[in-house]
Amino acid sequence: MTVNELSTPGLTGAPAISGERADILAALAQSRHFLRLTTRDLTDEQAGQRTTASELCLGGLIKHVTLVERSWADFISNGPSAMGDATTMTEADWAVWAEQFRMLPGETLADLLAAYAEVARRTDELVVTLPDLDAAQPLPKAPWFEAGARWSARRVLMQIVSETAQHAGHADIIRESLDGAKSMG
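Residues numbered from 1 in each chain as written. Predicted model: local features only at pLDDT ≥ 70, side-chain atom pairs only at ≥ 80, totals over all residues. Heavy atoms only, no water.

## A short note on the confidence of the model for the protein chain
At step 1: Averaged over all residues, the pLDDT of the protein chain equals 90, while 91% of them reach at least 70.
At step 2: When mean pLDDT is compared element by element in the protein chain, helix α5 (residues 109-129) scores highest at 98, while strand β1 (residues 5-6) scores lowest at 43. (pLDDT = per-residue confidence, 0-100. Helix = DSSP H or I, 4+ residues; strand = E, 2+ residues; numbered from the N terminus.)

## Brief notes about the side chain of T164
At step 1: Position of T164 among the secondary structure elements: in helix α6 (residues 153-179).
At step 2: Residue classification places T164 among the buried residues on the basis of a relative accessible area of 2%.
At step 3: If we ignore the near neighbours within four places in the chain, the residues touching T164 are S31, R32, L35, V65, E69 and Y116. (Buried < 20%, exposed > 50% of the residue type's maximum accessible area, 1.4 Å probe, protein only. Contact = heavy atoms within 4.5 Å.)

## Some points on the side chain of K63
At step 1: On the secondary structure map, K63 appears in helix α3 (residues 58-78).
At step 2: Look at K63 and you get buried, because its relative accessible area is 11%.
At step 3: Residue contacts for K63: discarding those within four places in its chain leaves E99, Q100, R102, L104, E107 and L112.

## So, the pattern of salt bridges
At step 1: Under the counting rule described, the total for this entry stands at 11 salt bridges.
At step 2: E20 is the salt-bridge partner of R154, the closest N and O atoms lying 2.3 Å from each other. Placement of R154 in helix α6 and of E20 in helix α1 (residues 19-37) is noted, with a sequence separation of 134 residues between them.
At step 3: According to the relative accessible area criterion, R154 is partly exposed, its value standing at 23%.
At step 4: What makes E20 partly exposed here is its relative accessible area of 35%.
At step 5: With a closest N to O distance of 2.8 Å, D124 and R32 form a salt bridge. Placement of the pair is D124 in helix α5 and R32 in helix α1, with a sequence separation of 92 residues.
At step 6: By relative accessible area, R32 is classed as buried at 2%.
At step 7: Members of the salt-bridge network, linked through shared partners, are E20, D134 and R154. (Salt bridge = Lys/Arg side-chain N within 4 Å of Asp/Glu carboxyl O.)

## Things to note about the packing of α3 against α5
At step 1: Axis separation between α3 and α5 bottoms out at 9 Å; the angle between their running directions is 25 degrees. The orientation of α3 with respect to α5, classified from their angle, is roughly parallel. For the element pair α3 and α5, the recorded crossing hand is left-handed. Residues G59, I62, K63, V65, T66, E69, R70, A73, D74, I76 and S77 of α3 pack against L112, L113, A115, Y116, V119, A120, R122, T123 and L126 of α5.
At step 2: Of the residues contributing to the contact of α3 with α5, the split by class is 11 nonpolar, 4 polar and 5 charged. (Axes fitted to C-alpha atoms, helices over the stretch in contact; angles between N-to-C directions. Parallel < 35°, antiparallel > 145°, perpendicular 65-115°, else oblique. Left-handed = near helix turned anticlockwise from the far one by under 90°. Nonpolar A, V, L, I, M, F, W, Y, C, P; charged D, E, K, R; others polar.)

See below:
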């Protein structure tokens, strides 16, 4: 197997893939690994602790990235209706949205990581089985998207990689502030 060729663990009967799809899967795996690594050996209480001026905590970041990846994967399959119209969100909707950055009572790090693993498995399966990475959907209405813009599945997958990597960096700072542990170095 070459560097650009991956088997697809967890996908029963899936063939080894190569090229662009293998590169996308490798980038997703690397970003996810570094995000999950920041939660190693933590209690639920530690995973829910804020350690910086930010509202973010490690469990909340895992929860947020899970929800975002699920939404983007659903967007690839179902179009903008999968994500909703951000321009019509109420104050109550925004409050619910803000909860994805915190661990709520009853949530455990183990459960959040299991949900993340399931979403990752589904996204990986989508990468392998999607007929065309050029298939594009119009972006949902949101003040942060250009009106009328369309993104290909490829672009959406790159967004998932980018956002996961960005949040892995946030998580690294939060973890180092918590107990000095680092993902690298």
